[in-house]
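Examination of the molecular architecture
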Amino acid sequence: MSFFKLTKNNFEFFTIRTHPAKTFKSGSKDGSSGVTGSVPIFGHHSKVEFVTRQNDANDGGPLNEREQVYLPHPIIDEGRENPVGTMVRLDTFKDAYGDSKKRKENTKKDIVRNTPEVRFVGDAALQTPGFRRRGPTPEPESSVTASMASMMKKNVMLNVLTPYYRQMSPSMHFNYTNYHTLNFFTASSVPSDSVLMYPGTGSGGGQLDRDPYSVFDAFTFEFWVNPRYDFVADGTILHLSSNYAVTLSTGSKKYHDGTTSHYKLKLQLSHSADVNPSSSIPGGVYPNDLCFTSSDNILERNKWQHVAIRWKGSLNDATGSFRVDNIEKGIFHIPSSTIGPSTNDRPNVLLVGNYYDTSGSNLGLVNFFNNTSNVNNGVANLAGNMSDPSTGPFTHPLNAELHEIRVWNKHRSDKELNEYSNKSLRDVDVFSSGASGLLFYLPPYFTKETNVRNVRVTPYTSVEADSTVDPFNVGLSFGIGGLDINLENFTRDFSQGQFPRLLNLVSTDAPAAHILTETKITDKPIVETLLDNPAHRKRNLTILPNDNGLFSPNFNLLKISPLYTGSFKGNLVKFKNDFGNESISDISLRNMISTGSLIEPTVTNVSGTKQPNAFDDDSDGNSAFIGLVGVTPEEPNGTPGEVLSIAQRTQDVNSNEICWFDISNMFFDNSIKPGSLVIYDTGFTGSNDVVKLTLKDDGYGGIYRADCASDQATWNSVGSVFYSEGLALIKSPHLKHFGTDYFEIGLSGTHNVHVTKLITKAPKGLINSSSRQDYVSRVSSNKVTEHKTNNIIITGINIYNKDFNVVGKVTLAQPIEKYSQDALTFKIGMDY
């Protein structure tokens, strides 16, 4: 045994940074506890573990008994229901032998999805669900504050974490980027006859004095399209009766599972535009003589592609072309000098997202613009005292996402297409009264002005003669906790200035509010009550975040003067960051309503919850306060008051249309690795699992949509991620329901492994004898000529402190023989 003093030169210290990956799938434990799921804490699992089983008194034997169980990674049912229709329980799973086991020791941890929650407070919490009692309730309690843990988390994220992380990510504010797509899809849960209808009127008036969307001797149709969905029937993109129709059709290429992988386009002009697209015959005789198709398979599924269809009668021998990403993908010949509509049958409504089967006449579309729609929807009045057609023959709903839809009455040159296909138009092109040749332009941006219309404030009532200046209905949100996207603010035509009639994209107006009695009313939350309406489901899913990274928007278009009138001119208050500075590319989510409308909290009535005696015919209850609040999340029936109940309870006027994912640091240790977070919603609420969304983080604290297979818009922020806290905040109101039914999360953590390396040496000429009494000379090989030697064999190394107490011991896996002339170095590593 030899001793050597260790100095600092014998030690090395370093850290290994690892990024263990984790994947999490959610499920629902029961019908009311929300969405949770489980993931093992440790990356590697032993198939055999010993656990302590708690015996019942009837089991006999010892109270605690060790048993050997097989505990592999849980097998989660990919379908979300078991054969009897109840939700999958993730605290039970099958082991490698197919036996159902329930773990007695919790080595799994939930990842929680949450939203700002306004809980029942006071006596409203004591009511029997689904019933509203008359008279006082036993043991009523009132609350001075609206005890909401989730609201506290929201405030911490907005007012503490966001400013802190802004030092590393300057763009982190409570807003989201004004870059969206129009999402058209079909499902059994939504209407198939919904459509955007743009009236062809004069300067905002009700008289049809011109047809501004018609083309005659030249045209160019431009749009960005992403055919994300699998479908069979044709879907129409643009339709102007007796003038033109552009339709998306399936191509011949398929994936291995038989679903469509590629698509093509159909173009119908003049009288051929009135032929049903599914029955049109390209190159046929009248009335199919002006039906054309592009080359097959020119569009690829789930990729953003720019399409331009152009023609001019006096150019190229009246030959037009289909172009995809500025490459020609088919030509067509029109043997006439004009394709304009006849004087007697002037088209009056431009449709986006569906086809109107006119059977040779477009006059029926006028009836959708009548006195009633003028009042309820704020659209032009073209038909006067007429009723909506009982059944609209809208027969070809689109299944795709679109943005930057442009219609020109001229042939756009190669130079113009190359220059402006990947970016927004110039300021001088929009609102030019046709001088630039631009007839229709739908970006779609959020704008701060809409026509005056009826605006819903509860599922049962609307406010007359109002307009909206926010991306969602703030009265419904802060009044009763319902989400209603203001689709009108996203669909304005930037050429003519028209707002569309959103047919079957507005909830049907309900009768006046009724007085509550003892009769049973719905026991569903407000969100579910609203989602019971198919039009409301589709309305909230028509605008989604845009993930097209191939396009560069020009947000300065939002500053142009013709976009705003009256008091809205120059008012860009919604386009600001948290400092109050102008940020024209972003939509602010702070200060959605004025704090001046709130009442200073008091001990008696801070919450805005109706007391039960308010429904007692013999008592007026807290009538003064209830008269101000009007409706609450618990009592949505009635007339809204001057104060919004949720804002009053929380004293918070920042957007509640958010959600977040709270991830335990057991899964990421120090922090989430930037750029590693992925969250999937494989069936967005209300879409019947048709709409699927993917969110990723950009590595700098931002979250963006990442569904397309082409370049993605990583700069289009819809949320924020706080890496060290394990919080992912989804700010976009369009994604409020993201992950409500089901979600999956993948991430890599940041785990530091600290390593101490000790370098010890056995120098030449030293450590060449042994003092052990049982030492025996031996030969070092099996050669017959080999003589016995006194070489020593090293079997281990002990580490001592200054008092010569053993503080560490290393045993070599295989003894090493040391010759006197040998110099050996041992490196001992320790992780902690």
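Attention here is on the structure that accompanies the text. (Residues numbered from 1 in each chain as written. Predicted model: local features only at pLDDT ≥ 70, side-chain atom pairs only at ≥ 80, totals over all residues. Heavy atoms only, no water.)

Here we look at the overall build of the protein
When helices and strands are tallied, the protein shows eight helices and 41 strands. Looking at the protein as a whole, 52% of its 832 residues are labelled buried. Taking the intrachain contacts of the protein between residues at least 6 apart in sequence as the baseline, contacts between residues at least 24 apart amount to 70%. (Helix = DSSP H or I, 4+ residues; strand = E, 2+ residues; numbered from the N terminus. Buried < 20%, exposed > 50% of the residue type's maximum accessible area, 1.4 Å probe, protein only. Contact = heavy atoms within 4.5 Å.)

With respect to the packing of aromatic side chains
The final tally for this structure, using the stated rule, is 25 aromatic pairs. Aromatic side chains Y213 and F440 sit 5.7 Å apart centroid to centroid with 85 degrees between the ring planes, which places their arrangement in the edge-to-face category. Here Y213, found in the loop between β13 (195–199) and β14 (218–226), pairs with F440, found in strand β25 (residues 438–442); they are 227 residues apart in sequence, far enough to count as distant. For Y213, a relative accessible area of 2% puts it in the buried group. With 5.4 Å between their ring centres and 65 degrees between their planes, F322 and F332 make a pair best called edge-to-face. Here F322 is found in strand β21 (residues 319–324), whereas its partner F332 is found in strand β22 (residues 327–333), with ten residues between them in sequence. One exposure class covers both F322 and F332, and it is buried. Each member of the aromatic cluster is reached from another via a ring pair, and the members are F431, Y441, Y445, F494 and F555. In this structure, R412 is placed above the aromatic ring of W408, and the distance from its NZ or CZ to the ring centre is 3.9 Å. Above the plane of the ring of Y420 lies K423, whose end atom (NZ or CZ) is 5.1 Å from the centre. (Phe/Tyr/Trp six-rings, centres within 6.5 Å; stacked < 30°, edge-to-face > 60°. Lys NZ or Arg CZ within 6 Å of the ring centre and 35° of its normal.)

Here's the deal with the nonpolar core
In terms of nonpolar packing, the biggest core is built from 92 residues, with F219, Y244, L265, L267 and I309 touching the most fellow members. Beyond its immediate sequence surroundings of up to four residues, L267 is in contact with F219, F221, A245, V246, L290, C291, F292, I309, F322 and F332. (Core = buried A, V, L, I, M, F, W, Y, C linked by side-chain atoms within 4.5 Å.)

Here's the deal with the environment of G437
Along the chain, the position of G437 falls in the loop between α3 (414–420) and β25. By relative accessible area, G437 is classed as buried at 4%. A C-alpha to C-alpha distance of 9.5 Å links G437 and R412, two positions 25 residues apart in sequence.

Quick notes on unusual backbone geometry
Following Y286, the chain continues into P287 via a peptide bond in cis, with omega recorded as 10 degrees. Of note, the amide linkage connecting P443 to P444 takes the cis form, showing an omega dihedral of -5 degrees. Here P444 lies in the loop between β25 and β26 (453–456). In this model, E404 sits at a positive phi of 55 degrees, which is unusual for a non-glycine residue. Along the chain, E404 turns up in strand β24 (residues 400–408). What makes E404 buried here is its relative accessible area of 2%. Positive phi values are uncommon outside glycine, yet D689 reaches one of about 65 degrees. Here D689 shows up in the loop between β33 (678–681) and β34 (693–697).

What about the pattern of salt bridges?
Applying the stated rule across the entire model yields 25 salt bridges. R705 serves as the salt-bridge partner of E401, at 2.9 Å between the closest nitrogen and oxygen. Note that E401 is positioned in strand β24 and R705 in strand β35 (residues 702–705), a separation of 304 residues in sequence. Side by side, E401 and R705 carry an identical accessibility label, which is buried. For R539, the salt bridge goes to E488, with nearest N and O atoms at 2.8 Å. You can see R539 sitting in helix α6 (residues 534–541) and its partner E488 sitting in the loop between α4 (474–480) and β28 (501–503), a full 51 residues away along the chain. (Salt bridge = Lys/Arg side-chain N within 4 Å of Asp/Glu carboxyl O.)

Considerations on the environment of P393
Mapped onto the elements, P393 comes out in the loop between α2 (371–377) and β24. The spacing of P393 and D357 is 36 residues in sequence and 5.5 Å in space, taken between C-alpha atoms. Leave out the neighbours within four places in its chain, and P393 touches Y355, Y356 and D357.

Focus on the pairing of β14
The element β14 is largely enclosed, with a buried count of nine among its nine residues. Residues A218, T220, E222, W224 and N226 line one face of β14 and the alternating positions F219, F221, F223 and V225 line the opposite face, and both faces are buried. Relative to strand β20 (residues 305–312), β14 runs antiparallel, the two being bridged by eight bridges. Bridge pairing in β20 links T220 to R310. (Pairing = 2+ DSSP bridges.)

Some details on a nonpolar patch on the surface
The grouping of L6, F11, F13, M830 and Y832 at the surface amounts to a nonpolar patch, some 540 Å² of accessible area in total. Positionally, M830 belongs in strand β41 (residues 824–831). (Patch = residues over 30% accessible without salt bridge, like charges linked within 9 Å, V, L, I, M, F, W, Y side chains within 5 Å. Areas by Shrake-Rupley, 256 points an atom, 1.4 Å probe, with all protein chains shown as cover.)

Remarks on α6
It helps to recall that an α-helix has 3.6 residues per turn; residues three or four apart then point in one direction. Counted residue by residue, α6 has seven buried out of eight residues, so it is predominantly covered. What α6 keeps buried is the set A535, H536, R537, K538, R539, N540 and L541. Considering only its buried residues, α6 is in contact with β12 (180–184), β26, β28, α5 (526–531) and β29 (543–545). For α6, the capping residue at the N-terminal end is N533, with a side-chain oxygen 2.9 Å from the backbone nitrogen of A535. (Polar contact = N/O pair within 3.5 Å; in protein donor to acceptor, adjacent residues only side chain to side chain.)

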